[in-house]
Amino acid sequence: GPERHPLSTQRAKRQVRVAQSWLTEILQRTTPEWSVSAEELDAGFVRVGLEVEEVDKLTPIGGEIDKPLVVGRVAEITELTEFKKPIRFCKVDVGNPELQEIVCGARNFAVGDLVVVVLPGGELPGGFKISSRKTYGHTSNGMICSVAELGIGKDHDGILVLEPGSAQPGDDANVLLGTDDTII
């Protein structure tokens, strides 16, 4: 008779990717003290008969310096009107004694908003290195980021504005955004 396709006798394999942080959050709803390493989680899946193909540690955004991707609270905005396009000179509280001075062209944020800042020395996805530089007559010490610049979405329309009360200035934004997670 006709030959059968080699996969027809096998069950199709389903692949699922699970963030360790998400799984931990779910399990801590019933067992608040529950916490295991990625290796222990991998071994636990294998014990119950689930095959783990890979454990991927995501690379934090921002580079190698300590907390180069931080939460900031916009403290001041000065509109620079002498240029062809709207430019804003912002002072942002990033948890240091001095406010961080940053030049930004986006207009969808206001004083008091929580934003994500890449500090000088950091690097965005795609190899875009952030440094202090003179632009539009001011020194910009970092960058206030959009979702697209952070590589976590496609939205280029403006800056990522965080929910009020979701973080404090100086918090590691990688932790908040889940960009330092492990995917199993």
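To be clear, the structure that these remarks concern was listed above.
Conventions we followed
Residues numbered from 1 in each chain as written. Predicted model: local features only at pLDDT ≥ 70, side-chain atom pairs only at ≥ 80, totals over all residues. Heavy atoms only, no water. Helix = DSSP H or I, 4+ residues; strand = E, 2+ residues; numbered from the N terminus. Buried < 20%, exposed > 50% of the residue type's maximum accessible area, 1.4 Å probe, protein only. Contact = heavy atoms within 4.5 Å. Polar contact = N/O pair within 3.5 Å; in protein donor to acceptor, adjacent residues only side chain to side chain. Salt bridge = Lys/Arg side-chain N within 4 Å of Asp/Glu carboxyl O. Disulfide = S-S within 2.5 Å.

Looking at this structure, I do not really get the environment of His138. What am I missing?
Topologically, His138 is positioned in strand β9 (residues 138-141). Judged by relative accessible area, His138 falls into the partly exposed class, the value being 24%. Spatially, the C-alpha atom of His138 lies 7.6 Å from that of Phe89, the residues being 49 residues apart in sequence. Setting aside residues no more than four positions away along its own chain, His138 makes contact with Leu80, Phe89, Val103 and Arg133.

Could you clarify how one ought to interpret the side chain of Arg88 in this entry?
With respect to the secondary-structure elements, Arg88 resides in strand β3 (residues 87-93). Judged by its relative accessible area of 7%, Arg88 is buried. A polar contact of 2.9 Å, which involves the side chain of Arg88, links it to the backbone oxygen of Phe109. In this structure, Arg88 is in contact with Ile77, Thr78, Glu79, Ile102, Val103, Cys104, Ala106, Arg107 and Phe109, ignoring residues within four places of it in sequence.

Explanation requested: the pattern of salt bridges in the structure shown.
A side chain of one charge can pair with a side chain of the opposite charge when the charged atoms of the two come close. In total, this model carries four salt bridges according to the counting rule given. The residue Arg107 makes a salt bridge to Glu79 at a minimum N-O spacing of 2.9 Å. Here the residue Arg107 occupies a position in the loop between β4 (100-104) and β5 (114-118), and Glu79 occupies one in strand β2 (residues 69-80), the gap between them amounting to 28 residues. Residue Glu101 pairs with Lys91 through a salt bridge whose shortest N-O separation is 3.9 Å. With Glu101 in strand β4 and Lys91 in strand β3, this residue pair connects regions lying ten residues apart in the sequence.

Before we go on, may I ask you to explain the state of the cysteines in this structure?
Two cysteines whose sulfur atoms are joined by a covalent bond form what is called a disulfide. This model, assessed by the stated rule, comprises zero disulfides. Cys104 supplies the cysteine sulfur nearest to Cys145, a cysteine that is in no disulfide, at a spacing of 9.0 Å.

These figures come from the coordinates and say nothing about function on their own.
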